[in-house]
Structure formats: structure tokens, C-alpha cells
Amino acid sequence: MSEPETQRRVIYKGRKIDLALQSVVLSDGSVADREVVVHRGAVALLAMVDDDHVCLVKNERHAVGMTLLEVPAGTLDPGESPDATAARELREETGYIAGQITRIAEWWVSPGVMSERMYLYLCEELTPGPTDHQPDERLEPVVVPWSEALAMVGDGRIDDAKSMLAILIGDRRRRDRSA
């Protein structure tokens, strides 16, 4: 069941997100406002340095007050396609340029409150180069064996949802290819 689409009233306009109120018709016919975080979308990247190593990033996350180990990721710029964002973010965050970038999955990040769509890319045939971090980013690329990345998801050292999902989807894809 889907609710009829109604007008969103933006009450805060930010650099990466907007906050809106959206009126929805409830099952009893009454109308209620829902808070919606409006987000233009983002990419997550499985940057495969070779068949057995993936490039992750240590990323200082102010919202949670911690440095997390994550897959490289980033927000779409206005008017930018997810494909273009994937190539740009890979280069900016890791320094790598991919010979092959393939979209392998996409999902809603938190559909109860956000409009954000996340696009997952497999990046292969990597050529190293310099990073180009944004002034507000504190990132450190880290290359780890694939088996270690998978173990870190299992034991909680990687606890960022997009990174966990990316690695698990990537692992399923690897197992399906070898079957």
C-alpha cells in the first residue's frame, strides 16, 4: 500500500539535506504531517584493489563522535548522475581511478524518514593516484584483505550500515561467481 503523494513544505534548506513537512492522508481519512529528510542520493563503493583486497576509508564522523571504517561513499552533486558520482568519489576519497565501474545494487537508506537512495558500485581495475579530500573531510584510505573486511563486518569493527551491506552484497556476488 502506498500513501497518495502530497506536497512537501521545506522548513529547512541545508547544504546536503532539506527538512520538509509532508501532509499524508491516514487510513481513517485524517491528515497528518510527516517529517521528511530530503536527500539527493549517494553512492557506496566496493573498491577492489585486486581480487583479494578492498580499499576502505577511516572516516571521522562528527554525528556519532567516532572514526568509522567504511567503504568509500559520497553524496550526488546537484544534477550529477550516480555513475558520475561513483567515479568522482572513488578518486577523491581513495585516489584510485577504476578501469571498470559496475552498479550492482541500490536501496532506500531509511525510508521511514528519508528520501535518500544509495547506489552500490563495484570498482575494479584500479590505478592509484592522489586523493582529493574536501576541506571538511578527514579520511584515510586503508587496503585490507577481503577476508578481513568480511570478518570486520561479523565482529563489529565495521558497524556502518552501508558498509556492512556493501561488503555482504559483494561477498555474495563473489561466491556466486565462483560457484
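Here goes a summary of the coordinates provided.

Procedures and definitions
Residues numbered from 1 in each chain as written. Predicted model: local features only at pLDDT ≥ 70, side-chain atom pairs only at ≥ 80, totals over all residues. Heavy atoms only, no water. Core = buried A, V, L, I, M, F, W, Y, C linked by side-chain atoms within 4.5 Å. Buried < 20%, exposed > 50% of the residue type's maximum accessible area, 1.4 Å probe, protein only. Helix = DSSP H or I, 4+ residues; strand = E, 2+ residues; numbered from the N terminus. Contact = heavy atoms within 4.5 Å. 1 Å grid on protein atoms, 1.4 Å probe; cavity = no way out; pocket = protein on both sides within 12 Å on 5 of 7 lines; lining within 4 Å. Points joined across faces, edges and corners; volume = space filled by probe spheres on them. Nonpolar A, V, L, I, M, F, W, Y, C, P; charged D, E, K, R; others polar. Salt bridge = Lys/Arg side-chain N within 4 Å of Asp/Glu carboxyl O. Pairing = 2+ DSSP bridges. Axes fitted to C-alpha atoms, helices over the stretch in contact; angles between N-to-C directions.

What to know about the nonpolar core
Step number 1: Leu46, Val54, Leu56, Leu120 and Ile167 are the most contacted members of the largest nonpolar core, which totals 23 residues.
Step number 2: Only strand S4 (42-50), strand S5 (53-61), strand S8 (97-108), strand S9 (117-127), strand S10 (139-145), helix H2 (146-155) and helix H3 (161-178) provide two or more residues apiece to this core.
Step number 3: Once you skip the residues sitting within four places of it in the chain, isoleucine 167 turns out to touch Leu46, Leu56, Val71, Trp146, Ala149, Leu150, Val153 and Ile158.
Step number 4: By size, the runner-up hydrophobic cluster in this structure holds 13 residues, among which are Val43, Cys55, Tyr96 and Ala98.

A word on the layout of surface pockets
Step number 1: Taken as a whole, the largest pocket spans an internal volume of roughly 1200 Å³.
Step number 2: Forming the boundary of the largest pocket are 40 residues, of which Lys16, Asn59, Arg61, Gly74 and Thr75 lie nearest the centre.
Step number 3: Of all elements in the fold, only S4, S5, strand S6 (66-70), strand S7 (73-75), helix H1 (82-94) and H3 reach the threshold of two or more residues within the lining of the largest pocket.
Step number 4: For the lining of the largest pocket, the class distribution of residues is 17 nonpolar, 6 polar and 17 charged.

Observations concerning the pattern of salt bridges
Step number 1: In this structure the tally under the stated criterion is 21 salt bridges.
Step number 2: The partner of lysine 162 in a salt bridge is aspartate 160, with the nearest N and O atoms 2.7 Å apart. Each member of the pair, lysine 162 as well as aspartate 160, is classed as buried.
Step number 3: Three or more residues joined by partner-sharing salt bridges are found here, namely Asp77, Glu80, Arg88, Glu89 and Glu92.

Regarding the sheet that holds strand S3 (residues 31-39)
Step number 1: The antiparallel open sheet is built from 3 strands, whose spatial order is S1-S2-S3. Two strands close off the open sheet at either side, each with one partner strand: strand S1 (8-13) and S3. In this sheet, adjacent strand axes meet at a mean angle of 25° when their direction is disregarded.

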